[in-house]
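Reading the structure
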Amino acid sequence: MGLTKDYLRYVPAGNFNIVSSQNCNAVFVTLQGQIGRFVAVGASENIIIWDLRLGEKAQVLPGEKSVVTAICASPNNKHLAAGYSDGNVLVYNLVTAEVISTFAGHRSEITTLTYDSYGHKLASGSKDTDIIVWDTVAESGLCRFSGHKGQITQICFMSKQSVLISGSKDSFVKFWDLNTLHCFKTLTDHHTEVWGLCLVNNDQYLITGCGDVELRVYKLSVRDINSDKITAVDHLTSTLEIATLEEGDDTTHPLQCLKAGSLLKTGKGRTISLTNDLSGQVVGCHGTDKQIELFYFCSEDEAQVRFKKRVKKEQKRLQTAKEAQTDETVENLQLSLRDQVKRLKAIQLEGKPKGLDLVLGNGGELRIAVNFRDNCLRLYNFQTSIKDSQATCLRGILNQGHHTDVKAVAFSSDNSAIVSASGESIKMWNRPSQTCLRTVETDIVLSVSFVPGDRHVLAGLKDGRLLIIDIAAGDILEEIHAHTKDLRTITLTNDLRGCVTGGGDDTVKFWQFELILDEKIQAPVKVLSLVHKRTLKLDSGILCVKLSPNGKFVAVALMDSTVKIFFTDSFKFYLSLYGHKLPVYCMDISSDSRLIATGSGDRNIKIWGMDFGDCHKSLFAHEDTVTGLQFVPKTHYLFTCGKDGKVKQWDGDKYHKIITLQGHSGEAHSLAVSPNGQYVVSCGSDRVLRLYEKSEQLVVLQDEQEEEREQQEELATGEQQIIVPSQPGLNLPSKRTIGSERAAESILECLEVSQTFREQLQEHETLQATSTQTLPLPAPPLLMQAFNVTTPDDFLLETIKRIRPSDLEEGLLLLPFNSVCEILSTLPRLIQRGDCTELGCKVAMFLLKLHHAPIVANHLLLPTMEKLETIIRSKVGELRDLTGYNYFGMLFLQRQIENAEGVQLFRDATIERKKGEKKRRKREKLKRSILVLNT
């Protein structure tokens, strides 16, 4: 296939201006063995790990195209799980920053993630109302829980029980048994959506937060269902439990849940985030206001001390009041929630928070990481051991990004600097390092441009003022009241001696640069200023103004959906470009002044000729309003961006799209092309400045079109449900993806190639039997040679090994039954070898569960299944014996080394002490129960 025209590909060169996304939480991570220093946050499709001691990026975990919506650190501090808006879950290695596992099972955005206490299970909740539990070791799904009718808001594992607790927008909290895979209890006393929940005090209490000002606290206890002796306390607890049962609750489950009380918040609005530290002692929450509330759960000894103090106060109060029956009143007091929970002083914040994470260190030092909705991150320190302690801000990541949406961007003349403007400031960026050089506080900025020489910047404000900013000093030199309404566009003249501005007051003004004496300084120092020269008055609001590079024409886009072109010198009317159905928001003129391209709210771009004003072509460019358009210098290629978030490149001569670049997750507001045409920068509502660089890679249009079609098919594939005749109610934790379809295709291709090769081998044996000479063996197929195998069995094993574990089950699910029979007939030989016992058993068990009925009905498979059962029992037993032998051998070597060196290896020195404390607490609890019964 010949290429008629070569296009060079623009590739992403970096994202900056983003500190923390407003739709993702923040978590502490451990790097370099340091806890409480590094915080991971979502940054659009990437994850940034900030070093809050140095105030800089420590690591960036790159994503693909979807936005990160939830992150969670593993208990071993080695991995970080991230959930994305497309329903996928990726697990990163924090040391190498590589993706080690990919899980695809949800159909919509991931809302919450959590690990179990060992890090072997990962649970994910989504907007599709499902909860999926993943096996992080086997890299596959374990089960899918479907019972909620609303979005899953938060989930958590119990550390001592095989139970998962989930909260949802349907106002229910459900308890799921991971052994029996069913919901055994539902809490229904929440009147609004459940927005958060957490377990504290070693899984003794469950705290939930919903739309009111109350945090509900539930007492969790486990009764011994095997014990024959039932105490009066157990009987009372069971009676209270039965009284609160809902329809569908399991009365035989040992876990009991009773409401212990409530914690009232002082903040306003619903609970947005509710979390606890790893020890389960401190709980933090925040609502829609600017504060974080902290609650400290005391240990049993501290709670007893607080209880005794309360009893003494009550006795003193009663003695002062000289009330009767003082002893009975005091004896009726019992240890309650008010003795076990201590309210810490609230932390007043500078903005509205999105999420928080807690780390409790030695000595009662509490560190709180808070990410805010205005694109910033702060770290607070709080001393829980000091009474009336105040929180202090240790570090804030504030100036490395705009706090509002970026509305305009521009390149310097030497292509090395970028200026960006938002609703609160203007920032100058170094393009190679992508770091912020200067920040100037302003009002709402709509347009921005560099002054020739790259030492000053012009900024047009929403109130019509024009600012002249000195980059080196970071100060505003002059404020000019250029227009009475919003100043929407600034463009430089072709001789670089002035600029042209257009505003909502229906005027286009021409300005000239001049150096004047600064009256503020006594020394004779000249500063840059602007002198108004001419004004072009029109009958409609100005949206965009452009000057032709040859200096002859000025094009003005008006609110009446037309573009009028005038002669620059005389302001005489030249052409009127009409055809757009909605106003033109952006336009540009090519370097040779032959073409003018316009982008409109009707989602189209039109390419016009400057000679006669005829429309050469109208292209449907974006799914929403076209917001940015600019030609590449010295070419007829142009870039556009729109409110659909996409950035596209077009050929203005051939009238077709060249490539679609990875765009923004929300709206794209503007873009700029560097003067040398090597770089493109765009800004959008996701507060990310995306930089693209021209590479040496060629763009093949047919390949780009095919890739877009595959992406559309992939979006449609995830919604398709696979129906198996023998399994009508099948609900696997995975979903059908392009990866699973390719896995099934690779297996089918392997079986077909293997069958052809076997026929060739049989034909060779037949010919060899009739021939007196030794015939050469047929060469393996090219695909087998590529896999470096020589037999069909090795080919099948290598094919299955190369399939991603999360796609294996869905790939096997797509296979026809005759292919399943071929695989089952091959599995005995593979498992018999002993080098793939685990993988072979996994495939065999899944196929047997999936196609149980047709396999049992097929008498031809009976000998194969009997042989497979014998081999699996034998090989699994050998593997178990080998593992047990190695395990106890390691224990023996450990004891030998400990006896020789007098030290303990691989053991925590506090285990024995914790066991003793646990026995002592049980004895004290039993004594308190007896005292309660006696009273």
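Predicted model only: the values in this text are computed from it and were never measured.

Criteria and thresholds
- Residues numbered from 1 in each chain as written.
- Predicted model: local features only at pLDDT ≥ 70, side-chain atom pairs only at ≥ 80, totals over all residues.
- Heavy atoms only, no water.
- Helix = DSSP H or I, 4+ residues; strand = E, 2+ residues; numbered from the N terminus.
- Buried < 20%, exposed > 50% of the residue type's maximum accessible area, 1.4 Å probe, protein only.
- Areas by Shrake-Rupley, 256 points an atom, 1.4 Å probe, with all protein chains shown as cover.
- Pairing = 2+ DSSP bridges.
- Axes fitted to C-alpha atoms, helices over the stretch in contact; angles between N-to-C directions.
- Patch = residues over 30% accessible without salt bridge, like charges linked within 9 Å, V, L, I, M, F, W, Y side chains within 5 Å.
- Salt bridge = Lys/Arg side-chain N within 4 Å of Asp/Glu carboxyl O.
- Lys, Arg positive; Asp, Glu negative; His and termini not counted.
- Charge placed at Lys NZ, Arg CZ, Asp CG, Glu CD.
- Contact = heavy atoms within 4.5 Å.
- pLDDT = per-residue confidence, 0-100.
- Parallel < 35°, antiparallel > 145°, perpendicular 65-115°, else oblique.
- Nonpolar A, V, L, I, M, F, W, Y, C, P; charged D, E, K, R; others polar.
- Left-handed = near helix turned anticlockwise from the far one by under 90°.
- Phe/Tyr/Trp six-rings, centres within 6.5 Å; stacked < 30°, edge-to-face > 60°.
- Lys NZ or Arg CZ within 6 Å of the ring centre and 35° of its normal.
- Expected span 1.5 Å × (residues − 1).

1. Some remarks on the overall build of the protein chain
For the protein chain, the count of helices and strands is 14 helices and 57 strands. Out of the 935 residues in the protein chain, the part that is buried amounts to 50%. With an accessible surface of roughly 45,800 Å², the protein chain has 51% of that area assigned to carbon and sulfur atoms.

2. With respect to the sheet that holds strand E48 (residues 595-600)
Reading across from one edge, E47-E48-E49-E50 is the order of the four strands in this open sheet, with antiparallel pairing throughout. Taken across any chain shown, the strands that pair with only one partner, and hence form the sheet edges, are strand E47 (584-589) and strand E50 (615-620). Taken over all neighbouring pairs, the strand axes of this sheet differ in orientation by 15° on average, direction set aside.

3. Points about a positive patch on the surface
Taken together, the side chains of Lys308, Lys309, Lys312, Lys313, Lys316, Arg338 and Lys387 define a basic patch exposed on the protein surface. If one sorts the elements of the positive patch by residue count, helix H2 (residues 300-321) sits on top with five residues. Residue position: Lys308 is located in helix H2. Of the residues examined, Lys308 reaches a relative accessible area of 53% and is grouped as exposed.

4. What about the sheet that holds strand E19 (residues 205-209)?
Taking strand neighbours across the sheet as the criterion, the four strands line up as E18-E19-E20-E21 in an open arrangement whose pairing is antiparallel. Edge positions in the open sheet fall to strand E18 (196-200) and strand E21 (255-264), since each of these has one partner strand only. Going across the sheet, the axis of each strand differs from the next one's by a mean of 25°, ignoring polarity. One ladder, built from nine bridges, connects strand E20 (residues 214-222) with E21; its direction is antiparallel. Following the sheet pairing, Ser221 is matched in E21 by Gln256.

5. Structural notes on the pairing of strand E5 (residues 56-61)
Residues in a regular strand project their side chains so that they alternate between the two faces of the sheet. Sheet topology places strand E4 (residues 46-51) next to E5; five bridges connect them, and they run antiparallel. Across the sheet, the residue bridging to Asp51 is Glu56, located in E5. The antiparallel pairing of E4 with E5 creates a hairpin that spans four residues between the two strands, and Gly55 there sits at a positive phi of about 75°.

6. Quick word on unusual backbone geometry
At Leu496, a residue that is not glycine, the phi angle is positive and equals roughly 60°. Position of Leu496 among the secondary structure elements: in the loop between strand E39 (487-492) and strand E40 (498-503). Of note, Asp506 is a non-glycine position whose phi angle comes to about 70°, a positive value. Mapped onto the fold, Asp506 is located in the loop between E40 and strand E41 (507-517).

7. Re helix H9 (residues 805-813)
Along H9, eight of the nine residues are buried, which leaves the element largely enclosed by surrounding structure. Among all positions in H9, only Ser806, Asp807, Leu808, Glu809, Glu810, Gly811, Leu812 and Leu813 are buried. The elements touched by buried residues of H9 are strand E9 (99-104), strand E13 (140-146), helix H6 (738-770), helix H8 (792-801) and helix H11 (837-850).

8. Some words on the confidence of the model for the protein chain
Of all residues in the protein chain, 90% have pLDDT values of 70 or greater, and the mean over the chain is 87. Below a pLDDT of 50 lies the segment residues 228-233, which in the model reaches four contacts outside its immediate sequence neighbourhood of four places, other chains included. Throughout residues 235-244 the model reports pLDDT below 50, and contacts reaching past four residues in sequence, or to other chains, amount to 12 contacts.

9. So, the environment of Gly141
Turning to its location among the elements, Gly141 is positioned in strand E13. Sequence separation between Gly141 and Ala123 is 18 residues, and the spatial gap between their C-alpha atoms is 9.7 Å. Setting aside residues up to four positions removed in sequence, Gly141 forms contacts with Val133, Trp134, Pro733 and Glu809.

10. Here's the deal with the side chain of Thr501
Relative to the assigned elements, Thr501 resides in strand E40. Assessed through its relative accessible area of 0%, Thr501 is described here as buried.

11. A word on the environment of Ala260
Here Ala260 is to be found in strand E21. Ala260 sits in the partly exposed class, given a relative accessible area of 37%. Considering only alpha carbons, one finds Ala260 and Tyr218, 42 residues apart in sequence, at a separation of 5.1 Å. Apart from the residues lying within four places of it in its own chain, the contact partners of Ala260 are Tyr205, Val217, Tyr218, Lys219 and Leu337.

12. A few points about the pattern of salt bridges
Summed over the entire model, instances satisfying the criterion amount to 30 salt bridges. Linking Asp463 and Arg465 is a salt bridge whose minimum nitrogen-to-oxygen distance equals 2.8 Å. On the basis of relative accessible area, Arg465 is assigned to the buried category, the value being 11%. A single network of salt bridges, built from pairs that share partners, joins Asp212, Glu214, Arg216 and Lys259.

13. Points about the packing of H6 against H8
Closest axis-to-axis distance for the H6/H8 pair is 10 Å, and the angle between their directions is 175°. Taken together, the axis directions place H6 and H8 in an arrangement best described as roughly antiparallel. In contact with Ser746, Ile747, Cys750, Leu751, Val753, Ser754, Phe757 and Arg758 of H6, H8 contributes Pro792, Asp793, Phe795, Leu796 and Thr799. Considering only residue class, the contact of H6 with H8 consists of eight nonpolar, three polar and two charged.

14. Describing the packing of H6 against helix H10 (residues 817-833)
H10 packs onto H6 with a crossing angle of 70° between their chain directions and a minimal axis gap of 11 Å. In terms of their interaxial angle, H6 and H10 are classed as roughly perpendicular. Considering the relative orientation of H6 and H10, their crossing is left-handed. Between H6, through Ile747, Leu748, Leu751 and Arg758, and H10, the contact on the second element is made entirely by Ser819, Glu822, Ile823, Thr826 and Arg829. Across the contact of H6 with H10, the residue classes tally to four nonpolar, two polar and three charged.

15. Focus: the environment of Ala81
For Ala81, the location among the structural elements is in strand E7 (residues 79-84). Separated by 21 residues in sequence, Ala81 and Thr102 place their C-alpha atoms 9.6 Å apart. When neighbours within four sequence positions are excluded, Ala81 is seen to be in contact with Ala70, Ile71, Cys72, Leu90, Val91, Leu113, Tyr115 and Leu122.

16. Details of the packing of aromatic side chains
Tallied over the entire structure, the rule returns 14 aromatic pairs. Taken together, a centroid distance of 6.0 Å and an interplanar angle of 50° make the contact between Phe175 and Phe184 tilted. A relative accessible area of 1% places Phe175 in the buried class. An aromatic cluster of three or more residues is present, and its members are Phe553, Phe567 and Tyr574. The side chain of Lys219 reaches across the aromatic face of Tyr205, ending 4.9 Å from its centre. Over the face of the ring belonging to Tyr679 we find Arg431, whose NZ or CZ atom lies 4.0 Å from the ring centre.

17. Looking at H11
Taking 1.5 Å per residue as the helical rise, H11 with its 14 residues ought to reach 20 Å, and the 20 Å between its terminal C-alpha atoms agrees with that figure. Buried residues of H11: Thr837, Gly840, Cys841, Val843, Ala844, Phe846, Leu847 and Leu850, and no others. Structurally, H11 contributes buried residues whose contacts are with H8, H9, H10, helix H12 (852-857) and helix H13 (862-901).

18. Some details on the pairing of strand E8 (residues 88-93)
For E8, the tally of buried residues reaches five of six residues, placing the bulk of the element in the interior. In sequence, E7 turns back onto E8 through a hairpin of three residues, with Gly87 there showing a positive phi of about 95°. Bridge count between E8 and E9: five bridges; the pairing is antiparallel. Opposite Val91, over in E9, you have Ser101 as the bridge partner. Counting the residues in the hairpin turn of E8 and E9 gives five residues, including Ala97, whose phi is positive at 60°.

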